[in-house]
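# Examination of the molecular architecture
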Amino acid sequence: MASFGWKRKIGEKVSKATSQQFEAEAADDKDLADDDDANWVHATKRRKEILLEDCIKKSKELKDEGANLAENRRYREAIKKWDEALQLTPEDATLYEMKSQVLMSLHEMFPAVHAAEMAIQRNPRSWDAWQTLGRAQLGLGEIALAIRSFQVSLHIFPMNPEVWKEDLSWARKLHEQQKATKTEAVQALANKKELAQEAIPDYDFESDEIVAVCAAIAEKEKALSAAKTVVIVSASGAVETVTEKENCPTTPDETLFIRAR
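Under the annotation held in an unreviewed UniProt entry, the chain carries the name TTC33 protein and is attributed to Rostratula benghalensis.

See below:
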């Protein structure tokens, strides 16, 4: 009959030297595994860096191609190149700013304003983007907003003579003209109202002059109604007009004349 006793541990009879060798090998395997993990992370990071560098390089090529097309007035093709570049580098504010300029050349002011605003969102410190936004806003007639955009551009880059002497100066001139036009319109409307009020004189219908005129008109109407006009046509075709008074009527010979009223 078999008897069962306490089982000794497997490593109980393993020599100390063998145990140390096993531990060393295990440590080496762990270090190797750690190295593999580190290498994998490094490789992945490197691949991302290479991919990003490739995207930036390709985006720059597309940006330059678009700039050359824009200089040759091939605006639609330039926009297409820049849109492709934005797919690679969507945070490039310069691409949006350049696109806004070209859209203004195509007289598409709403998209131009939107593109300039996108550029500012990505780089609020870009004085170019603020200048372009101001010009696009002027194209929409938003003069007050354009003045503010030009002022922000000057705040970022105070030594820019183009914004100061051309853009901001022109915008302020337009603003003054706009104010003058509004003032003239308000004055013209006021004058028109005054003329409309003066067109209806305030007569005193109970004055002696008005009463006398009304009496004269009444007498004239009375005199006309008292007289009767008769058209007499003779048998030979002659026509004669005779005025009859109510108190002395004229009776022509009925054998000679035919009465017609």
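### Some details on the UniProt feature "repeat: TPR" (unreviewed entry) in the chain
If you check UniProt for "repeat: TPR" (unreviewed entry), the listed places come out as residues 59-92 and 127-160 in our numbering. Between the end C-alpha atoms of residues 59-92 there is a gap of 9 Å, over a span that is 79% helix and 0% strand. As annotated, residues 127-160 comprises 79% helix and 0% strand, and the C-alpha atoms at either end are separated by 9 Å.

### Topic: the nonpolar core
Trp 82, Val 102 and Leu 133 are the most contacted members of the largest nonpolar core, which totals 29 residues. Those elements that provide at least two residues to this core are helix H1 (16-71), helix H2 (75-88), helix H3 (93-105), helix H4 (109-122) and helix H5 (127-139). In terms of residue count, H4 provides more of this core than any other element does, 8 residues in total. With residues up to four places along the chain from it excluded, the contact list for Trp 82 reads Leu 62, Lys 63, Gly 66, Ala 67, Ala 70, Leu 95, Met 98, Lys 99 and Val 102. Ranked by size, the runner-up nonpolar core spans 9 residues in total, among them Ile 147, Leu 154, Leu 168 and Ala 171.

### Side note on the pattern of salt bridges
Enumeration over the complete set of coordinates arrives at 9 salt bridges. A salt bridge links Glu 91 to Arg 122, with the nearest nitrogen and oxygen atoms 3.9 Å apart. Highlighted residues: Glu 91 in the loop between H2 and H3 and Arg 122 in helix H4, separated in sequence by 31 residues. Here Glu 91 falls in the exposed class, since its relative accessible area comes to 58%. Measuring nitrogen to oxygen at the nearest pair gives 3.1 Å for the salt bridge that ties Arg 135 to Glu 162.

### Quick notes on the environment of Arg 172
Considering the arrangement of structural elements, one finds Arg 172 in helix H7 (residues 161-198). Separated by 26 residues in sequence, Arg 172 and Ala 146 have C-alpha atoms that sit 9.4 Å apart.

Conventions and cut-offs
Residues numbered from 1 in each chain as written. Predicted model: local features only at pLDDT ≥ 70, side-chain atom pairs only at ≥ 80, totals over all residues. Heavy atoms only, no water. UniProt positions renumbered as here; feature names shortened; annotations may be inferred. Helix = DSSP H or I, 4+ residues; strand = E, 2+ residues; numbered from the N terminus. Core = buried A, V, L, I, M, F, W, Y, C linked by side-chain atoms within 4.5 Å. Buried < 20%, exposed > 50% of the residue type's maximum accessible area, 1.4 Å probe, protein only. Contact = heavy atoms within 4.5 Å. Salt bridge = Lys/Arg side-chain N within 4 Å of Asp/Glu carboxyl O.

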